[in-house]
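# Survey of secondary and tertiary structure
The chain contents come next:
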Amino acid sequence: MGPDHFEPQEGGQKMNPKNLQLHILGYISLFDDEFTEKIRSLQMPEILFDYQYRPIIREINKGNLTKAVEELIPFADQIQAFQPGGSRYIMEVNLLSYYKQIMTIARQETKITDQELMDALQKDTREKEINLLTANDIMKTEGKQEYIISDGKGFGMFPPAGVSAIVADPGMGKSFLCLDLCIKIAGGLPWLGTYDTMKKNCLFIDEENGPIRLKERLSTITNNPYTGHRNPLPDNFFFMAFHGVNFLDPVWVKAITKTIRSNDIGFVVIDSFVDVFNGDENSVQDVQPVMHAIRTIATQTNSHFLLIHHTNKSQGTYRGSSAFNGAVDLMIQLDYQNPGKPKEGIGPDPKDGYVFHSTKARDTKPFTKYIDMTNTGNVFGAKEKKPTEYH
């Protein structure tokens with residue numbers, strides 16, 4: 001089978017890449033539920049495809065094959081020829097590769113001819129029904145927003161399915177704080193000595209430290225300076241260390257999704273964001289597909305992702321593309337409470353505590369919290385504190 005056409009079965013016509021999607025989805029639309037499950041098992045990541053194709057892939061992954069055909073038909077005659085070079089060529093080649101997998105299954109499973117296929121596709125399947133909700137219908141929606149971290153008084157962070165980020169300068173303790181957070185969530189223990197946690201299995205995707213450094217940090221964290229004893233580590237706190245995760249790679253997207261589902265993970269920390277894709281953090285074209293992949297996994301697995309990221313020192317905010325900020329539900333910035341006196345050459349003093357505040361909050365009210373982090377190298381502890389004024 002050559003790259004320019006797919007050999008049809010007896011009685012059919014050769015199919016060129018321009019009409020490949022239409023033919024394949026036509027075959028799929030005629031199959032039974034068992035075959036539908038085989039197609040869904042491929043789980044083609046949307047991020048590999050141009051935006052015009054993504055609704056098609058989304059419907060295939062959901063098993064809505066009739067809708068997939070509906071989404072495809074308007075583009076059937078507009079698919080551009082493959083042009084070597086550039087990201088679009090890569091997306092198109094990946095698209096063709098995944099459809100080849102489907103075609104292989106299709107050829108094994110179906111007995112229909114191309115004419116029968118085209119007759120099926122000529123049916124009017126493009127009409128869509130839209131069900132409107134009134135404002136009163138919305139108000140009758142049952143349930144309320146839940147949070148993995150809450151104070152029982154209306155404040156909360158990290159809804160069970162979502163994406164958040166914590167940003168700070170290097171060396172401020174982001175990783176330590178997030179490790180401590182995961183230990184508390186996995187154990188269902190209060191965080192910062194104040195906030196209730198919804199117990200969840202936790203996964204820490206580490207691409208910065210490695211097992212030896214993680215061991216040292218976990219040992220430091222479990223030596224609690226406020227209680228004077230070693231805190232036990234929960235058995236439901238898992239790690240992936242130096243695996244080379246790449247959210248632009250569909251193999252990794254599928255593997256992470258499967259890992260989260262098979263281990264019932266509810267809270268995922270990525271340390272750090274810039275280390276989990278091969279691209280330019282300042283490029284919308286590179287960052288947007290990564291954030292879309294993470295968002296898709298979070299939604300499909302009902303898990304919350306917390307991304308550790310760095311700040312831009314010159315601007316004092318998150319580093320890189322605006323697509324990063326646009327895609328998160330909550331952006332938390334960690335700053336020193338005492339900024340020091342830079343003009344006098346006096347830097348911030350971590351002994352005076354930290355400000356933990358939101359710069360974007362989609363599902364909760366904006367907040368500012370003050371915390372104390374003790375990290376002597378042998379012991380670590382974090383707890384909420386009252387703000388201190390500096391002059």
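For the structure given in this document, a descriptive report is provided here.

Cut-offs applied
Residues numbered from 1 in each chain as written. Predicted model: local features only at pLDDT ≥ 70, side-chain atom pairs only at ≥ 80, totals over all residues. Heavy atoms only, no water. Pairing = 2+ DSSP bridges. Helix = DSSP H or I, 4+ residues; strand = E, 2+ residues; numbered from the N terminus. Expected span 1.5 Å × (residues − 1). Buried < 20%, exposed > 50% of the residue type's maximum accessible area, 1.4 Å probe, protein only. Contact = heavy atoms within 4.5 Å. Polar contact = N/O pair within 3.5 Å; in protein donor to acceptor, adjacent residues only side chain to side chain. Phe/Tyr/Trp six-rings, centres within 6.5 Å; stacked < 30°, edge-to-face > 60°.

## Observations concerning the sheet that holds strand E2 (residues 156-157)
The sheet built from three strands is open, its strands ordered E2-E1-E4 with antiparallel pairing. Each of the sheet's edge strands pairs with one partner strand only, and the pair in question is E2 and strand E4 (196-197).

## Some remarks on helix H11 (residues 284-301)
Here H11 spans 25 Å end to end across 18 residues, near enough to the 26 Å set by a 1.5 Å rise per residue. For H11, every residue scored as buried is listed here: Val287, Pro289, Val290, Met291, Ala293, Ile294, Ile297, Ala298 and Thr301. Elements that come into contact with the buried residues of H11 comprise strand E3 (162-168), helix H10 (250-262), strand E7 (265-271), strand E8 (304-312) and helix H12 (322-327). With a side-chain oxygen positioned 3.3 Å from the backbone nitrogen of Gln285, the residue opening H11 is Ser283. Once H11 finishes, Asn302 follows within two positions and takes phi at roughly 55°, a positive value.

## Focus: unusual backbone geometry
With omega at -5°, the peptide bond leading from Asp271 into Ser272 counts as cis. When you line up the elements, Ser272 lands in the loop between E7 and H11. Positive phi is not limited to glycine here, since Phe158 has a value of about 65°. Checked against the element boundaries, Phe158 lands in the loop between E2 and E3.

## Some details on the packing of aromatic side chains
Taken as a whole and judged by the stated rule, the model has 12 aromatic pairs. Between the aromatic rings of Phe158 and Phe267, the centroid separation amounts to 5.5 Å while the plane-to-plane angle is 50°, which identifies the pairing as tilted. Of this pair, Phe158 sits in the loop between E2 and E3 while Phe267 sits in strand E7, and the two are 109 residues apart along the sequence. Judged by its relative accessible area of 0%, Phe267 falls in the buried class.

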